[in-house]
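Notes for the structure review
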Amino acid sequence: MHFRKSAALALIAVSSPLAAQTVPDLTTATPIAGEWAYNAISDGSEARFIDTNAVPQLILSCARSTRHVTVAKAAASAAPYLIIWTSSQQRIIPSSYNPAAGRLLAELDANDPILDAMATSRGRIGVGTDTQPSLVVPPWPELARVIEDCRV
């Protein structure tokens, strides 16, 4: 009986849309030009990666009340997940789409290991979907500061 349950769960995991996706290798990708900016907000903090046209491309925000970090990527359309790439970890995370803001959103617990991987990634972080090219940005200290804000 235990074997059947394990087999059934394995089949579900393999057949899920998330399991079928691959994470691109961004080891040699060049981060886009721009800079991170840190801001305190009402319930926490946020770090925004602003491109050279002053357009926010990636936002990490901390909600202290829930101890969640939201990763928000600029996007023109919905996608069921975000692919996060770092030099040490890669993950596929379910996302939602906010059409008014034009952003894909993925919410993570403040202690999720992928956040540490983002803060300590060597040279670049990639965030994308299977239908859009990955956004590759440098990992500056503002990113780690937002993550730590959510843990205290």
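Residues numbered from 1 in each chain as written. Predicted model: local features only at pLDDT ≥ 70, side-chain atom pairs only at ≥ 80, totals over all residues. Heavy atoms only, no water.

Points about helix 4 (residues 141-149)
Since the α-helix advances by 3.6 residues per turn, residues separated by three or four positions end up pointing in the same direction. Looking only at helix 4, the buried set comprises Leu143, Val146, Ile147 and Asp149. In an axial view of helix 4, the angular spread of the buried residues amounts to 160 degrees, which keeps them on one side of the axis. Contacts made by the buried residues of helix 4 are with strand 1 (34-41), strand 2 (44-51), strand 3 (56-63), helix 3 (113-120) and strand 9 (125-128). (Buried < 20%, exposed > 50% of the residue type's maximum accessible area, 1.4 Å probe, protein only. Helix = DSSP H or I, 4+ residues; strand = E, 2+ residues; numbered from the N terminus. Arc of directions from axis to C-beta. Contact = heavy atoms within 4.5 Å.)

Re the state of the cysteines
Working definition: the covalent bond between the sulfur atoms of two cysteines is a disulfide. By the definition in use, this model includes 1 disulfide. Through a disulfide, cysteine 62 is tied to cysteine 150; the S-S separation comes to 2.2 Å. One quick way to see it: the torsion about the S-S bond of cysteine 62 and cysteine 150 is about 105 degrees, and its sign makes the bridge right-handed. Separated by 88 residues along the polypeptide, cysteine 62 in strand 3 and cysteine 150 in the segment after helix 4 bring together distant segments of the chain. Taking relative accessible area as the criterion, cysteine 62 reaches 3% and is therefore assigned buried. (Disulfide = S-S within 2.5 Å.)

Describing the pattern of salt bridges
Evaluated as defined, the whole model comprises 4 salt bridges. A salt bridge links arginine 48 to glutamate 46; its shortest N-O distance comes to 2.7 Å. For arginine 48, a relative accessible area of 25% gives the class partly exposed. The class of glutamate 46 is buried, set by a relative accessible area of 12%. (Salt bridge = Lys/Arg side-chain N within 4 Å of Asp/Glu carboxyl O.)

A look at helix 3
Burial in helix 3 covers these residues: Ile114, Leu115, Ala117 and Met118. Down the axis of helix 3, the buried side of the element spans an arc of 160 degrees, and every buried residue falls inside it. With a side-chain oxygen lying 2.9 Å from the backbone nitrogen of isoleucine 114, the N-terminal cap of helix 3 falls on aspartate 112. (Polar contact = N/O pair within 3.5 Å; in protein donor to acceptor, adjacent residues only side chain to side chain.)

With respect to the sheet that holds strand 3
Reading across the sheet, the 6 strands line up as 1-2-3-4-8-7 and stay open at both edges, with antiparallel pairing between neighbours. The sheet terminates laterally at strand 1 and strand 7 (96-98), the two strands that pair on one side only. Averaged over all pairs of adjacent strands, the angle between their axes in this sheet comes to 20 degrees, without regard to strand direction. Relative to strand 8 (residues 103-109), strand 7 runs antiparallel, the two being bridged by 3 bridges. (Pairing = 2+ DSSP bridges. Axes fitted to C-alpha atoms, helices over the stretch in contact; angles between N-to-C directions.)

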